[in-house]
Amino acid sequence: LAPDSYVKGVIAATVVGVIVASVNFFQSLKPPNSSVIRLPAFSCWVESAMPFFLVGFIDLITLNLGTFMLIWWAGPTEAGLFQPLIRVMPFMMLASQAMGTRFAPRISELYTTNQITRLQNLTGKVTLVSVIFTLLSAVLLLIFSEQILGWFGPEFREVTPAFWWIAGAQLFNAATGPSLQ
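Read on for an overview of the structure. (Residues numbered from 1 in each chain as written. Predicted model: local features only at pLDDT ≥ 70, side-chain atom pairs only at ≥ 80, totals over all residues. Heavy atoms only, no water.)

## Structural notes on the overall build of the protein
Here is step 1 of the chain: Within the protein, the regular secondary structure consists of eight helices and zero strands.
Here is step 2 of the chain: The secondary structure elements of the protein, listed N-terminal to C-terminal, are α-α-α-α-α-α-α-α.
Here is step 3 of the chain: When each of the 181 residues of the protein is scored for burial, the buried share is 33%.
Here is step 4 of the chain: Looking at the protein alone, contacts between residues at least 24 apart form 76% of all its contacts between residues at least 6 apart.
Here is step 5 of the chain: Accessible surface for the protein amounts to roughly 11200 Å². Of this, 68% is attributable to carbon and sulfur atoms. (Helix = DSSP H or I, 4+ residues; strand = E, 2+ residues; numbered from the N terminus. Buried < 20%, exposed > 50% of the residue type's maximum accessible area, 1.4 Å probe, protein only. Contact = heavy atoms within 4.5 Å. Areas by Shrake-Rupley, 256 points an atom, 1.4 Å probe, with all protein chains shown as cover.)

## Here's the deal with the pattern of salt bridges
Here is step 1 of the chain: Under the counting rule described, the total for this entry stands at one salt bridge.
Here is step 2 of the chain: Taking the shortest distance from any N to any O, the salt bridge between Glu109 and Arg106 comes out at 2.9 Å. With Glu109 and Arg106 both in helix H5 (residues 94-112), this residue pair falls three residues apart, about one helical turn.
Here is step 3 of the chain: A relative accessible area of 39% places Glu109 in the partly exposed class. (Salt bridge = Lys/Arg side-chain N within 4 Å of Asp/Glu carboxyl O.)

## As for the packing of H5 against helix H6 (residues 116-143)
Here is step 1 of the chain: Two numbers describe how H5 lies on H6: the axes approach to 10 Å, and their chain directions differ by 180°. In terms of orientation, H5 and H6 fall into the roughly antiparallel class. Each of Ala95, Ser96, Met99, Phe103, Arg106, Ile107, Leu110 and Tyr111 in H5 lies in contact with H6, whose residues at this interface are Ile116, Arg118, Leu119, Leu122, Thr123, Val126, Val129, Ser130, Phe133 and Thr134.
Here is step 2 of the chain: Looking at the contact of H5 with H6, its residues break down into 12 nonpolar, four polar and two charged. (Axes fitted to C-alpha atoms, helices over the stretch in contact; angles between N-to-C directions. Parallel < 35°, antiparallel > 145°, perpendicular 65-115°, else oblique. Nonpolar A, V, L, I, M, F, W, Y, C, P; charged D, E, K, R; others polar.)

## As for the environment of Phe103
Here is step 1 of the chain: Here Phe103 shows up in helix H5.
Here is step 2 of the chain: Put simply, Phe103 and Thr123 are 20 residues apart on the chain and 8.7 Å apart in space, counted from C-alpha to C-alpha.

## Topic: a nonpolar patch on the surface
Here is step 1 of the chain: On the surface, a nonpolar cluster with roughly 680 Å² of combined accessible area is contributed by Ile11, Val15, Ile19, Val23, Trp164 and Trp165.
Here is step 2 of the chain: Elements with a minimum of two residues in the nonpolar patch: helix H1 (3-28) and helix H8 (162-175).
Here is step 3 of the chain: With four residues, H1 is the largest single contributor of residues to the nonpolar patch. (Patch = residues over 30% accessible without salt bridge, like charges linked within 9 Å, V, L, I, M, F, W, Y side chains within 5 Å.)

## Thoughts on the side chain of Ser130
Here is step 1 of the chain: Along the polypeptide, Ser130 turns up in helix H6.
Here is step 2 of the chain: Once residues lying within four places of it in the same chain are set aside, the contact partners of Ser130 are Ala95, Ser96, Met99 and Ala174.

## A word on the nonpolar core
In a soluble, globular protein the nonpolar side chains are often hidden away together inside.
Here is step 1 of the chain: In terms of nonpolar packing, the biggest core is built from 19 residues, with Leu85, Val88, Met89, Met92, Leu141 and Phe163 touching the most fellow members.
Here is step 2 of the chain: The dominant element in this core, judged by the number of residues it contributes, is H8, at four residues.
Here is step 3 of the chain: In contact with Met89, other than residues within four places in its own chain, are Leu141, Phe163 and Ile166.
Here is step 4 of the chain: If you look at the next biggest cluster of nonpolar residues, it comprises 10 residues, including Ala98, Leu110, Leu119 and Val129. (Core = buried A, V, L, I, M, F, W, Y, C linked by side-chain atoms within 4.5 Å.)

Here it is in structure tokens:
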């Protein structure tokens, strides 16, 4: 399989996946036929997920500290040009992880008690909030991507365009809903 055929196949599969996920996502936003379900206010969701966000942030820093040190103290040849990119990108996943961790017990409870309509409603709202915060973090990282990669050395700025691909992948990941549990 030639590289260009492989890339075309991956792009085609991604487009199909985005279409299927989008259709499912927008169908899940339709109000259920049963009684109206009252969910906590948006600010309550963010407030209750914040401890999980902070724990995840600290975890990312500590897990990747060795690689960050290698990148800072070594050069692009030793560390690889994509190492900083790969180590910075998980910060985009924090919103999805925090929301998923916060609501996993509730989602599990609704599933085990066969409250499928409420489960779909909650999952749709959690997904929407995750997408919003993933988009915000992606935009911030994209705006400052050249500066962030420049901290590791001028050679690392070559991979700045790859931020766009990974940001798109993380947004797609957030839009597919809670999947960490």
